[in-house]
Amino acid sequence: MSAMDLDVIIVGAGLSGIGAAVHLQQNCPNETYAILEGRDAIGGTWDLFRYPGIRSDSDMYTLGYRFKPWKAAKAIADGPSIRAYINETAAEHGITQHIRFGHKVIAASWDSATARWTVTTSKGPLTCRFLYMCSGYYNYGQGHRPTWEGEGDFKGQIIHPQFWPEHLDYTGKRIVVIGSGATAVTLVPAMASTAAHVTMLQRTPTWMVSRPSSDAIANVLKAMLPAQMAYNIVRWKNVTLGQYFYRQTRNNPGKVRELLLKRLAKLLPADYDLETHFTPGYNPWDQRLCLVPDADLFQALSSGKASIVTDQIDRFEAAGIRLRSGKLLEADIIVTATGLKLEALGGMTVTVDGEVRRTADSLAYKGMMFSGIPNLAQSFGYINASWTLRSDLIADYVCRLLNHMRKTGMDIATPPPAPDVVPERLAMDLASGYVQRGADALPRSGNRAPWVVTADYKYDRRELLEGPVTDEMTFAKAGTVAPERVLEAAE
Ligand SMILES: Cc1cc2nc3c(=O)[nH]c(=O)nc-3n(C[C@H](O)[C@H](O)[C@H](O)COP(=O)(O)OP(=O)(O)OC[C@H]3O[C@@H](n4cnc5c(N)ncnc54)[C@H](O)[C@@H]3O)c2cc1C
């Protein structure tokens, strides 16, 4: 085997890629592998985003890896702590030496005759048997950034949170944050502590819930029990509570709406206009529910350091933003917290025996492989729970699949087409703007197993840890599958 030919190539050294490598080293110690990372750092999301207040909005007992207890006191962690946790994992397991930084993957082409992927990177080609995409779900080079009339007239600074200027001083400045998602909800209280005033300008409201950033039960258990034991218990508690709450939003949306509004009313001044600013037209979890740790946003609003305006932008002017209502929002800095741009498979082009394949044209197999694309898995987390819960399970499954292929002498594993399966919805089941805009980057979820992408951790745990890896999968040896057969299989 030449130095450039590997058993497994992992793309991405973020939370998923580092976790995938740990699983691979532990469960498939004979597989050679490398991680190709387009950037020069470990951490992915948690290294890229540097805006004030950057934090998780799910708890670290479930966003952390199953095998590495989260030890810090805060359950809702800041970006640098998560970055440090990922780096520490890589160092502890000797993974850093397997990462090739500055290797942006541009294309991958599969050859059935040799059962190999040729992976084209910014630094030249490599080959591998199995391609494991841990490249996240959005474009690193571009955020979603609408343009508005008159932007050139604005005399202040316009900033997108994905590209935060390192030394931006906003002390005493008037800030307008456009958006109402997790980023805006993080930025507003964080900037309000030193800015003159921060206005969150939203077109429509978002459902929000406040929770303490520290988990009191977790901290008691951590003081009493061995770290891994305490972690397992808290993880299970949080998964169960999270799933219960999510199910309630699906089964009793009216009740959940009422409950959320009641809680908000307690956290905001008595005369606050909840109807306009905090009552969305959709049900909780139709779009992502926003977490407000320690009620920080509500405190900033109550103190007058921040405010919410629910209106639409007419145009930018020299002094700020002119709203459709006619009002002018004066600003020194405008932050466009308008979201992410979804991207499939790290933006790489995929060809199978010379034919271009798009994930959007495929069915997701167990939420991690694609119909008609051999020997390729993708780490994709939950949208209604912590990402790592599913990316950990997928890593286990990939290892089981690789071990099965070794044991049976099979070189190729292809989820075949399933003509009876009805593609019911996008694999990412949210009505949020960024998901709908990015529909072209997402595979479809079918109407029966193993082609359904679920939002159910306990179901996925059974399926991915114990379910058969042979489930409707087509296996073959190198050179025995004529290219036409793989192509036909996908049609
Ligand atoms: C601001 C923000 C906050 C979030 N908060 C939460 C949260 O609280 N809870 C939660 O569950 N999820 C959250 N998410 C989702 C988050 O992305 C996941 O938690 C998790 O970090 C995803 O890890 P990942 O390794 O799969 O992807 P990423 O973190 O996106 O890492 C992907 C890596 O792959 C590399 N890469 C991509 N394409 C290529 C290519 N073509 N070639 C080479 N390298 C490539 C990237 O450079 C990057 O290092 C958040 C996302 C954002 C943007």
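Fair warning: this is a prediction, and the values are worked out from it, not measured in the lab.

Here the focus is the environment of V469. By secondary structure assignment, the location of V469 is in the loop between helix 13 (457-465) and strand 27 (474-476). Judged by local crowding, V469 falls into the partly exposed class, with 18 C-beta atoms found within 10 Å. Sequence spacing of V469 and R235 is 234 residues, and the spatial spacing of their C-alpha atoms is 26 Å.

We now examine the sheet that holds strand 16 (residues 328-330). Strand order in the open sheet made by the three strands is 14-15-16, with antiparallel pairing throughout. Each having just a single partner strand, strand 14 (313-317) and strand 16 make up the two edges of the open sheet. Each strand of the sheet is rotated relative to its neighbour by a mean of 25°, with strand direction disregarded.

Now for the pairing of strand 19 (residues 349-352). Both faces of the sheet carry side chains from a regular strand, because those side chains alternate between them. Burial along strand 19 is one-sided: the face carrying V350 and V352 is buried and the face carrying T349 and T351 is not. Relative to strand 20 (residues 355-357), strand 19 is paired through three bridges, and the arrangement is antiparallel. Bridge pairing in strand 20 places V352 opposite E355. Between strand 19 and strand 20, which follow one another and run antiparallel, lie two residues, and D353 among them has a positive phi close to 45°.

Turning our attention to helix 8 (residues 253-267). With 15 residues, helix 8 should cover 21 Å at 1.5 Å per step; its first-to-last C-alpha distance of 21 Å lies within 8% of that length. By the burial criterion, the buried members of helix 8 are V256, L260 and L264. All buried residues of helix 8 lie within an arc of 70° about the axis, which places them on one face of the element. Turned more than 90 degrees away from the buried face of helix 8 sit G254, K255, E258, K262 and K266, all of them exposed. The inward-facing, buried residues of helix 8 contact strand 11 (208-211), helix 7 (227-251) and helix 9 (274-278).

Let us now look at the domain arrangement of the protein. Splitting the protein by domain gives domain 1 (5-141 + 341-476) and domain 2 (151-336). Averaged C-alpha coordinates put domain 1 and domain 2 at centres separated by 29 Å. The partner domain 2 presents 32 residues to the 29 residues of domain 1 that form the contact. Secondary-structure elements contributing two or more residues to the side of domain 1 that touches domain 2 are helix 3 (60-63) and helix 13. When the residues that make up the side of domain 1 that touches domain 2 are grouped by side-chain class, the tally is 18 nonpolar, four polar and seven charged.

For the rest of this paragraph, the subject is helix 1 (residues 15-27). Helix length check: helix 1 (13 residues) gives 18 Å between terminal C-alpha atoms against 18 Å at 1.5 Å per residue, within 8%. With ten of 13 residues buried, helix 1 lies mostly within the body of the structure. Buried within helix 1 are the following residues: L15, S16, G17, I18, G19, A20, A21, V22, H23 and L24.

Attention now moves to the pairing of strand 10 (residues 197-202). Counting buried positions along strand 10 gives five out of six residues, so the element sits mostly inside the fold. Note that the unit made of strand 9 (residues 174-178), helix 5 (residues 182-192) and strand 10 has a crossover that is right-handed. For strand 10 and strand 13 (residues 306-310), the ladder comprises five bridges, and the chain directions are parallel. From the neighbouring strand, Q202 faces strand 13, where its bridge partner is T310.

The next thing to look at is the site of the ligand. Around the ligand sit 33 residues in total, of which G12, G14, G44, G136 and G346 are the nearest. Secondary-structure elements contributing two or more residues to the shell around the ligand are helix 1 and helix 11 (387-408). Examining the composition of the shell around the ligand, we find that three residues originate from one element, helix 1, more than from any other. Counted by class, the shell around the ligand contains eleven nonpolar, 18 polar and four charged residues.

Moving on, we come to the nonpolar core. Counting 97 residues, the largest nonpolar core has I9, I10, I18, C128, L131, Y132 and V398 as the members making the most contacts within it. A total of eleven residues in this core trace back to one element, the largest contributor, which is helix 11. There are two domains that each give this core at least three residues, and those are domain 1 (5-141 + 341-476) and domain 2 (151-336). Discounting chain neighbours no more than four positions away, the residues touching I10 are G17, A20, A21, Y33, I35, Y132 and C134.

Parameters at a glance
- Residues numbered from 1 in each chain as written.
- Predicted model: local features only at pLDDT ≥ 70, side-chain atom pairs only at ≥ 80, totals over all residues.
- Helix = DSSP H or I, 4+ residues; strand = E, 2+ residues; numbered from the N terminus.
- Buried ≥ 20, exposed ≤ 12 C-beta atoms within 10 Å, placed from the backbone.
- Pairing = 2+ DSSP bridges.
- Axes fitted to C-alpha atoms, helices over the stretch in contact; angles between N-to-C directions.
- Expected span 1.5 Å × (residues − 1).
- Arc of directions from axis to C-beta.
- Contact = placed C-beta atoms within 7 Å.
- Domains from an automatic or database assignment.
- Nonpolar A, V, L, I, M, F, W, Y, C, P; charged D, E, K, R; others polar.
- Right-handed = clockwise from strand over helix to strand, strands pointing away.
- Near = placed C-beta within 6 Å.
- Core = buried A, V, L, I, M, F, W, Y, C linked by C-beta atoms within 7 Å.

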